[in-house]
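Tertiary structure, described
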Amino acid sequence: MSYSTAGPLGPVTLDDVRGAQKMLSGVARVTAMEGSRYLSQLVGAPVHLKCENLQRTGSFKLRGAYVRIAGLLPEERAAGVVAASAGNHAQGVALASSLLGVRSTVFMPRSAPLPKISATRDYGAEVRLHGQVVDETLAAAQEYAAETGAVFIHPFDHPDVIAGQGTVGLEILEQCPEVRTVVVGIGGGGLIAGIAVAVKAVRPDVRIVGVQAAGAAAYPPSLAAGRPVSVENPATMADGIKVGRPGDVPFGIVGDLVDEVRTVTEDELSTALLLCLERAKLVVEPAGASPVAALLSDPGAFEGPVVAVLSGGNVDPVLMQGVLRHGMAAQGRYLAVRLRLTDRPGALATLLGVLSAVDANVLDVSHVRTDPRLGLTEAEVELHLETKGPEHCAEVGRALRDAGYTVMS
C-alpha cells in the first residue's frame, strides 16, 4: 500500500520512506525501543520510548540530512552544501556530508553551546559563527548559498528530509506492531510529517499526536488558519523545537495526517527531562522530552500501547544544570523559606537542628541582621532546601511552625 501527500515541492510517499530506509542501512542506527514501567502505570497501558537520543550525532537529524545530500546530482555535490543550525541539524549535516564525501559549511549562532560547535567541527564541517539567533544565521547561510552555489540543506522543509525522518516511523511499526498512539515533538514538522506518512500508510488506525512547547507553538494557530503562520519571538528552553513558523511541506502533511497537536509548559518539560534521567537512565534534551511531558500532563488522553519518540539527547551541560534545578523545583523537591528569629548566639543552629530532624538538606542560607524593618533583637533568615517532594515540603513547614517559627514565604 502506498500513501502520498502533496506539498509545494512534490509528494512524500511511503515508497519514498522505504527507499530512504534502504539508503540509511548501515548509516543510521535502528535505535532501541525501551519500555517505561512508570509511564505505563501512569497511562494505564504500555508506554515505549523510541530512543533517537541514542542515534549517531545524538538525534534523528542524521536520517533526513543523509537522504537529502545523497540525492544530490554530481554537480550539486561538487558545489558543496551549506546549513544553518544551533545544534542537531548542524551535526547531522556535518556527518552525512563527511560520509558522502561532500564539503559542508555550517552556520551557527554565536550563542550556540560550545559542545555542539565542537561536535559539528569534529564531524567534518567548516563552522562559521554568525548572529545571535537562528534567523540571522539562516539568512547568512542562504546568502552564502546564493554567492557560492552551495546547496542549502533545509532542516525540515524538503521531501527528501521528511522521507529520511519517516524511517523512524517504519522502525516503530517493526518494533511495536501493536502500537495505538505515537507521540512526537514538533518544531518545523519534518519528523512528525515523515512518521505520519509511514505509519498512517500501514496503520491508518494509529493516532499521531504532536507536542509543542507552549512558548513556541506555531502549529495550533497555523492549523486553525489553514496556512503556516509565524509566532513572534518564540521562547522555550527546548531549542530543538523552537521554530517560529511551520515548514510549507510538512505543514500540509501534518494537516492531513496528524490527529492532534498539544502544548506543554516549561515546568512540564523540566519534569519530563528529569524523569527520563532518573527513571529511564536516558539523557534527553528538552525537545526530546516533550512527548513524555505530554504524557505526564494528561496521562488519560492516550490510548496504549503508546510510543513516545525521544528525538534527541544533545543537551548543553550548563542548560542541563538549570533544567534539572527547574525540574526538581517543579516536582516540589526544592523549597525556599523565609522567617525571622531572635538574634542571639545559637539561634541559627537551633533552626538548622529542626530542619535536620525532618531530613531537609540545606543548600543555601542567607542571614540578614541590618534590614531597618527588623526589630532590635531580630534577624531574618532565608533558606533554600532540598526536599523529597510536596509531602516532605509540607512536613518541613509543619515542623517549623511547631517549633514556634513564623514562616513568611
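None of these values were measured; they are calculated from a predicted model. Every residue gets a number counted from 1 within its own chain, in the order that chain's sequence is written. In keeping with the model being predicted, local features are shown solely for residues with a pLDDT of at least 70 and side-chain atom pairs are shown and tallied solely at 80 or more, while totals for entire chains, interfaces and linings include all residues. Think of the side-chain values as coming from all heavy atoms in the structure, minus any hydrogens and water.

Moving on: the environment of Phe156. Helix and strand labels come from DSSP, where a helix needs a run of H or I of at least four residues and a strand needs a run of E of at least two; each type is numbered from the N terminus. Along the chain, the position of Phe156 falls in the loop between strand S8 (151-152) and helix H8 (159-175). Put simply, Phe156 and Val249 are 93 residues apart on the chain and 8.2 Å apart in space, counted from C-alpha to C-alpha.

Next up on the list: the environment of Val254. Take Val254: it is sitting in helix H11 (residues 248-257). The cut-offs for exposure are 20% and 50% of the maximum accessible area for each residue type, with area from a 1.4 Å probe on protein chains only; residues under the lower value are buried, those over the upper are exposed, and the others partly exposed. Overall, Val254 belongs to the buried group, its relative accessible area being 1%. Along the sequence, Val254 and Ala193 sit 61 residues apart, while their C-alpha atoms lie 5.7 Å from each other. In what follows, residue pairs with any heavy atoms lying within 4.5 Å of each other are defined as contacts. Ignoring any residue separated from it by four or fewer positions in sequence, one finds Val254 in contact with Gly189, Ile192, Tyr219 and Leu223.

Once that is clear, we can look at helix H9 (residues 190-202). Spacing of three or four residues puts side chains on the same side of an α-helix, whose turn is 3.6 residues. Take the number of residues in a helix, subtract one, and multiply by 1.5 Å to get its expected span. A rise of 1.5 Å per residue sets the reference length of H9, with its 13 residues, at 18 Å; its end C-alpha atoms lie 19 Å apart and thus fit the reference within 8%. Of all 13 residues that make up H9, 12 are buried, and the element is covered over most of its length.

Our next topic: the pairing of strand S5 (residues 81-84). Across a regular strand the side chains alternate sides, sitting on one face of the sheet and then on the other. Residues Val81 and Ala83 line one face of S5 and the alternating positions Val82 and Ala84 line the opposite face, and both faces are buried. One bridge is not enough; two strands pair if DSSP finds at least two bridges between them. Both S5 and strand S6 (residues 104-108) contribute to a ladder of four bridges, which runs parallel. Each residue of the ladder has a partner; that of Ala84, found in S6, is Phe107. Sheet topology places S5 next to S8; two bridges connect them, and they run parallel. Considered in S8, the bridge of Val82 is made with Phe152.

Looking now at the nonpolar core. Among the nonpolar cores identified, the biggest contains 37 residues, and Leu49, Val292, Leu295 and Leu310 are the most heavily contacted of them. Of all the secondary structure elements, the ones that give two or more residues to this core are helix H2 (37-43), strand S4 (47-51), strand S10 (207-213), helix H12 (266-279), helix H13 (290-297), strand S12 (306-310) and helix H14 (317-330). For this core, the element with the highest residue contribution is H12, accounting for six residues. If we skip the residues at most four places from it in the chain, Leu49 touches Ala32, Met33, Glu34, Ser36, Leu39, Ala280, Leu282, Val292, Ala308 and Leu310. Each nonpolar core is a collection of buried residues, namely Ala, Val, Leu, Ile, Met, Phe, Trp, Tyr and Cys, held together in the definition by side-chain atoms within 4.5 Å. In terms of nonpolar packing, the next biggest core, distinct from the first, is built from 36 residues, Ile172, Val179, Ala198 and Val199 among them.

This brings us to the side chain of Lys116. Within the secondary structure, Lys116 is located in helix H6 (residues 114-122). Take Lys116: its relative accessible area is 6%, and that puts it in the buried class. Those residues in contact with Lys116, other than ones at most four positions away along the chain, are Ala86, Gly87, Asn88, Gln91, Met108, Asp239 and Asn314.

What follows concerns the packing of helix H5 (residues 88-100) against H6. Axis lines are fitted through C-alpha atoms, for helices just across the contact stretch, and the angle between N-to-C directions can take any value from 0 to 180 degrees. In the contact formed by H5 and H6, the axes pass within 8 Å of each other and the chain directions differ by 10°. Looking at the two axes, H5 sits roughly parallel to H6. Counted together, Asn88, Ala90, Gln91 and Ala94 of H5 and Lys116, Ala119 and Thr120 of H6 form the full contact between these two elements. Note on residue categories: nonpolar means Ala, Val, Leu, Ile, Met, Phe, Trp, Tyr, Cys or Pro, charged means Asp, Glu, Lys or Arg, and polar means any other residue, Gly included. The residue makeup of the contact of H5 with H6, split by class, is three nonpolar, three polar and one charged. With respect to orientation, any angle under 35 degrees is reported as roughly parallel, any angle over 145 as roughly antiparallel, any angle of 65 to 115 as roughly perpendicular, and every other angle as oblique.

Pairing within the open sheet is antiparallel, and its three strands lie in the order S13-S15-S14. With partners counted over all chains shown, the strands left at the sheet margins are strand S13 (334-342) and strand S14 (361-368), one partner each. With strand direction ignored, the average angle separating the axes of adjacent strands in the sheet is 20°.

Glancing now at the pattern of salt bridges. We define a salt bridge as a side-chain nitrogen of Lys or Arg found within 4 Å of a carboxyl oxygen belonging to Asp or Glu. Taken as a whole, this structure holds 14 salt bridges when the rule is applied. Taking the shortest distance from any N to any O, the salt bridge between Asp205 and Arg180 comes out at 2.5 Å. Linking Asp205 in the loop between H9 and S10 with Arg180 in the loop between H8 and strand S9 (181-185), this pair joins segments that are 25 residues apart in sequence. For Arg180, a relative accessible area of 26% gives the class partly exposed. Where Arg262 meets Glu260, a salt bridge forms, and the shortest distance between an N and an O atom there is 3.0 Å. Given a relative accessible area of 18%, Arg262 falls into the buried group. Since its relative accessible area comes to 22%, Glu260 is described here as partly exposed. Look at the salt bridges and you will find they share partners, linking Lys50, Glu52, Arg63 and Glu171 into a network.

Taken by themselves, the reported measurements are silent on function.
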